[in-house]
Amino acid sequence: DSGSVTASPRQQDTEYLCPVQIGSPAQTLPLDFDTGSSDLWVFSTDTPRSEVNGQTVYDASSSSSAKRLSGATWKISYGDGSSSSGIVYLDTVTVGGLTVSRQAVEAAKQVSSSFSRDTSSSGLLGLAFSSINTVSPNQQKTFFDNAMPHLDAPLFTADLKHNADGRYNFGYIDKSAYTGSISYTPVDNSQGFWGFTATVDGTDVTGIADTGTTLIYLPDSIVTSYYSQVSGARYDSSNAGYIFPCGSSMPDFSFNVGGGGGGGGTVTVPGSYVNFAPTDQTGQTCFGGLQSDSSIGISIFGDIALKAAFVVFDGGNKQLGWAAK
Ligand SMILES: CC(C)C[C@H](NC(=O)C[C@H](O)[C@H](CC1CCCCC1)NC(=O)CC[C@H](O)[C@H](Cc1ccccc1)NC(=O)OC(C)(C)C)C(=O)O
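These numbers come from a predicted model, not from an experiment. (Residues numbered from 1 in each chain as written. Predicted model: local features only at pLDDT ≥ 70, side-chain atom pairs only at ≥ 80, totals over all residues. Heavy atoms only, no water.)

Draft legend 1. Representation of the overall build of the chain in the model. Regarding its fold elements, the chain presents five helices and 24 strands. For 325 residues, the compact-globule formula gives about 20 Å, and the C-alpha radius of gyration of the chain, at 20 Å, lands near that figure. If you line up the chain on its principal axes, its C-alpha atoms span 60 × 45 × 35 Å. Split into buried and exposed, the 325 residues of the chain put 54% on the buried side. Put simply, 66% of the contacts in the chain that link residues at least 6 apart link residues at least 24 apart. (Helix = DSSP H or I, 4+ residues; strand = E, 2+ residues; numbered from the N terminus. Rg over C-alpha atoms; globule rule 2.2 N^0.38 Å. Buried < 20%, exposed > 50% of the residue type's maximum accessible area, 1.4 Å probe, protein only. Contact = heavy atoms within 4.5 Å.)

And the structure:
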């Protein structure tokens, strides 16, 4: 089996949403595919009306294939401080033509305000490792874990784009989607994430490949040396990050993956991607797409990095592949 689904950017590439079919007859919800978490949760008819703000909701009672997973609950909180919790159904889930028949669909009974405010997203589809799924008492598998044994190849690929529709493919590598060769590097999933080590200016950086995080967060030393090349760039505490004059021409940002003997491959993030967005309506000052990880405790290669590459999340061989495009 295989599947292929469009990933549409929202709010200046802040997140990427994909249409997912749930239940019988199919209910299509736009979900944020997140390689940084492992719960498939959705706004539902169980979500208080006061917390629903135009989002499409899942109605288990109108799905003939929905079965309540009795006694199961979930509760999750994310790096940005948002959170949600609720109950669990098993139902049929289809992504880009790839179907999993008994997928844990976590229906929200509560969502935090930032989810209510994000009118374009109906929830998340977690693509990290099932070891960090939050369902209790019996942890549930991700869509990818459930699909893996049926896939032509035990992998999925992420091809996110700046300000344009990209694609997640499951079960195969689309050779027309990238240029040159794919450089692979081992994955450390001990924390449940797609952890890997890259080299930046000769320094090894261990971080995670996270489609659910908008920006790149790296060690201070790397970030300060990057912005030292940009006149007028400075760390601004009110914005809690590096800002600079919007007219600045930003240097490209490169990192090497799969180094060692073969020299590995280099991913180059165009400087224009690092000029993420204006900090206010005046458009004078812009916020950087590369920020320090010092308040996070882990380095994150988020969408700013991922959209500069074609990335293979290989669950069978526990490796990450990076290619230019
Ligand atoms: C629960 C654990 C098992 C896993 C958990 N994983 C994470 O927190 C990482 C994961 O990728 C989560 C997934 C996101 C949670 C919030 C909704 C969107 C997805 N990433 C995160 O928690 C990181 C948050 C993102 O970077 C937000 C995302 C966002 C998008 C649109 C609107 C609001 C917020 N972007 C964001 O803040 O963009 C700015 C900086 C430009 C404003 C953890 O480590 O705690």
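Draft legend 2. Molecular detail of the pattern of salt bridges. In this structure the tally under the stated criterion is four salt bridges. Within this structure, Asp159, Lys161 and Lys325 form a network of salt bridges that share partners. (Salt bridge = Lys/Arg side-chain N within 4 Å of Asp/Glu carboxyl O.)

Draft legend 3. The arrangement of the nonpolar core in detail. Core analysis: the biggest nonpolar cluster contains 77 residues, and Phe33, Phe170, Phe253, Phe255, Val269 and Trp322 have the highest contact counts within it. The next biggest cluster of nonpolar side chains, apart from the first, holds 15 residues, and it includes Trp41, Val52, Ala72 and Trp74. (Core = buried A, V, L, I, M, F, W, Y, C linked by side-chain atoms within 4.5 Å.)

Draft legend 4. Structural detail: the site of the ligand. Taken together, 24 residues form the shell around the ligand, and within it Asp34, Gly36, Gly79, Asp210 and Thr214 come nearest. One of the side-chain N or O atoms of Asp34 is found 2.7 Å from an oxygen atom in the ligand. Measuring from a nitrogen atom of the ligand, one finds a backbone N or O atom of Gly212 at 3.2 Å. The protein chains hide 75% of the 900 Å² of surface that the ligand would expose on its own. Spatially, the ligand is embedded in the largest pocket. (Near = heavy atom within 4 Å. Polar contact = N/O pair within 3.5 Å; in protein donor to acceptor, adjacent residues only side chain to side chain. Areas by Shrake-Rupley, 256 points an atom, 1.4 Å probe, with all protein chains shown as cover. 1 Å grid on protein atoms, 1.4 Å probe; cavity = no way out; pocket = protein on both sides within 12 Å on 5 of 7 lines; lining within 4 Å. Sits in = over half its atoms within 2 Å of the grid points.)

Draft legend 5. Representation of the packing of aromatic side chains in the model. One pass over the full model with this rule turns up 25 aromatic pairs. Both rings, one in Phe143 and one in Phe170, keep their centres 5.7 Å apart while their planes meet at 90 degrees; by these two values the pair is edge-to-face. In this pair, Phe143 sits in helix H2 (residues 143-147) while Phe170 sits in strand E10 (residues 164-170), placing the two residues 27 residues apart along the sequence. Here Phe143 matches Phe170 in class, with each residue buried. Pairing Phe255 with Trp322 gives two aromatic rings, centres 5.3 Å apart and planes at 90 degrees, and the pair type is edge-to-face. Separated by 67 residues along the polypeptide, Phe255 in strand E17 (residues 253-257) and Trp322 in strand E24 (residues 319-324) bring together distant segments of the chain. For Phe255, a relative accessible area of 1% gives the class buried. Counting every residue linked through ring pairs, the aromatic cluster contains Phe196, Tyr226, Tyr227, Tyr235, Tyr242, Phe244, Phe253, Phe255, Phe301 and Trp322. The ring of Tyr273 has Lys307 sitting right over it, with the charged end atom 5.3 Å from the ring centre. (Phe/Tyr/Trp six-rings, centres within 6.5 Å; stacked < 30°, edge-to-face > 60°. Lys NZ or Arg CZ within 6 Å of the ring centre and 35° of its normal.)

Draft legend 6. Region of interest: the sheet that holds strand E15 (residues 234-236). Reading across from one edge, E15-E16-E20-E19 is the order of the four strands in this open sheet, with antiparallel pairing throughout. The sheet terminates laterally at E15 and strand E19 (275-278), the two strands that pair on one side only. Put simply, the sheet's adjacent strands are angled 45 degrees from each other on average, direction ignored. Pairing analysis gives three bridges linking E15 to strand E16 (residues 241-245), with the strands arranged antiparallel. Across the sheet, the residue bridging to Asp236 is Gly241, located in E16. (Pairing = 2+ DSSP bridges. Axes fitted to C-alpha atoms, helices over the stretch in contact; angles between N-to-C directions.)

Draft legend 7. Broad picture of the side chain of Gln55. With respect to the helices and strands, the residue Gln55 is situated in the loop between strand E4 (40-42) and strand E5 (67-77). Within polar-contact distance, the side chain of Gln55 engages the backbone oxygen of Asp118 at 3.1 Å. When residues no more than four places from it in sequence are discounted, the contact partners of Gln55 are Phe43, Phe115, Ser116, Asp118, Thr119, Ser121 and Ser122.

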